[in-house]
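As a plain string of letters, each chain reads:
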Amino acid sequence: MNRPHFRRYRYGYGVLLFIALLVLIRALLPSLVKDYVNHTLNSSSGYEGHVGDIHLALWRGAYEIRDIEIRQLNSATQEPLFKAPKMEFSVLRGALIRGTVVARIRVFEAKLSFAAGHAGNAAQTGKGANWADILKKLTPFRIDRFETIDGQVHYYDLYSDPKVDVYLNQVNAIITNLTNQEDQQKRRAATLQLDALAVGQAQVRLDLQIDPFAEKPDFNLKARLTELQVDRMRDFLRAYTLVDPKSGTLDVLTELNAKDGGVKGYIKPLFHDLQLLQWKHITEQEKDPLHFLVDAVGSVVNLIFQNQSKDQLATVIPIEGRVDSPGVDVFSTIGNLVKNATVKAFSPTFEKAGKSD
């Protein structure tokens, strides 16, 4: 064989070998990535996690984690802390053109579950793990956008009487600038916009600015709950209070600002057409005299402090103190209750500079 033919054959074999190596790497890569992700999810003490499959789309700079599940050990519920059928990580092409590598994360139909503790079983809260560090390991690039589509957030108490399951569903949220790498100006303010339904019925809107990597809570929160049918919260209220509402709706507005571990703001609840007693069923209610007494007293309070023209019981509750133990201004709360009843009914709008109308 002459030298030119030998060189052509050698070049051809080299190309075939290179292609075969790429095919082999492409075949092994999903398994290697899956092992890495599973190891990362199991790196936090008190938690275990796994994924069902990894799907790579190298041509568009993306990969998908499928059937992801994270469980808290010794939890009071069998529900995983987090589960989702699909979680997608992708590199934004527009940023690449500008010379920056940033990532987008999208989570589909995720379910986040919290639970009260009981009899040696720990409350499921998600505490104790460095989730920011785990997220950083899953995508080493700057995270520009995190989006959850049609998600759920539940709170369970399986040992209360009655059992409790309150939740948000149809959760659609977008977080921007959730970066896991500081820029030169050290700006790390992420923004969150969330829309959801409370217990399948009431509209919820939340706007949040937060430093997700601050050592102490640092955020500005503005949230609104609209026209919640209070009877949908009966199990929750009966489990934790002596109040047993029969009908009516509730609006709640809140603004909270936190800095260096301190928090200041208010909560503004507005009850409309609230009924704690149904006089047609008074005989049945008397079977539980304590609940009947509380509801009777509550009905009297509602009658006294209700704005009659609006059929509305409302107040503004000032809050100030440490994030882990905020204080409530009781006297201002009562004063605002009287003001709503006798001076001017509060409206379901946000307060000006955190002060009552």
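Structure shown above.
Cut-offs used in this document
- Position labels on residues start from 1 in each chain and follow its written sequence.
- Restriction of local features to residues with pLDDT of at least 70 applies here, the model being predicted, together with a cutoff of 80 or more for giving and counting side-chain atom pairs; totals for whole chains, interfaces and linings are based on all residues.
- Note that water and hydrogens are dropped before the side-chain values are worked out from all heavy atoms of the structure.
- When two rings of Phe, Tyr or Trp (its six-membered ring) have centres within 6.5 Å they constitute a pair, described as stacked for plane angles under 30 degrees, edge-to-face for angles over 60, and tilted for the intermediate range.
- Every helix listed is a DSSP run of H or I at least four residues long, and every strand listed is a run of E at least two residues long, numbered separately from the N terminus.
- By definition here, charges over rings are those cases where NZ of Lys or CZ of Arg is within 6 Å of the ring centre and within 35 degrees of the ring normal.
- Exposure categories follow from relative accessible area, calculated using a 1.4 Å probe and restricted to protein chains: below 20% of the type maximum is buried, above 50% is exposed, and the middle band is partly exposed.
- Two strands are counted as paired when DSSP detects at least two bridges linking them.
- The term salt bridge refers to a pairing of a side-chain nitrogen on Lys or Arg with a carboxyl oxygen on Asp or Glu at a separation within 4 Å.

Caption draft 1: Here's a closer look at the packing of aromatic side chains. Scanning the entire structure with this criterion turns up 3 aromatic pairs. Between the aromatic rings of Tyr47 and Trp131, the centroid separation amounts to 5.2 Å while the plane-to-plane angle is 75°, which identifies the pairing as edge-to-face. With Tyr47 in strand 1 (residues 47-50) and Trp131 in helix 3 (residues 131-138), the pair connects residues that are 84 residues apart, well separated along the chain. The lysine or arginine in question, Lys86, covers the ring of Phe108, its NZ or CZ lying 4.5 Å from the ring centre. For the cation-ring pair, Lys222 lies above Phe350, with the distance from its terminal atom to the ring centre recorded as 4.6 Å.

Caption draft 2: Seen up close, the pairing of strand 6 (residues 111-115). Burial along strand 6 is one-sided: the face carrying Lys111, Ser113 and Ala115 is buried and the face carrying Leu112 and Phe114 is not. Pairing between strand 6 and strand 7 (residues 142-157): 5 bridges, direction parallel. Paired with Phe114 across the bridge in strand 7 is Tyr155.

Caption draft 3: Fine view of the pattern of salt bridges. Evaluated as defined, the whole model comprises 9 salt bridges. Here Arg66 ties to Glu64 by a salt bridge, and the two come within 3.0 Å at their closest N and O atoms. Arg66 gets classed as partly exposed once you look at its relative accessible area, which sits at 30%. Take Glu64: its relative accessible area is 7%, and that puts it in the buried class. Note that Glu79 and Lys111 form a salt bridge whose closest N and O atoms lie 3.3 Å from each other.

Caption draft 4: Quick peek at the pairing of strand 7. Where strand 7 and strand 8 (residues 164-176) come together, 10 bridges link them in antiparallel fashion. Residue pairing across strands places Arg145 opposite Thr176, the latter belonging to strand 8. In textbook terms, the turn of a hairpin is the stretch between consecutive antiparallel strands, and for strand 7 and strand 8 this stretch comprises 6 residues.

Caption draft 5: Broad picture of unusual backbone geometry. Residue Pro162 is reached from Asp161 by a cis peptide bond, and omega for that bond is 0°. Unlike most non-glycine residues, Asn74 shows phi in positive territory, near 55°. By the element assignment, Asn74 lies in the loop between strand 3 (62-72) and strand 4 (82-91). Overall, the relative accessible area of 47% leaves Asn74 in the partly exposed class. Even without being a glycine, Gln170 presents a positive backbone phi close to 50°. By the element assignment, Gln170 lies in strand 8. The exposure class assigned to Gln170 is partly exposed, which follows from its relative accessible area of 43%.

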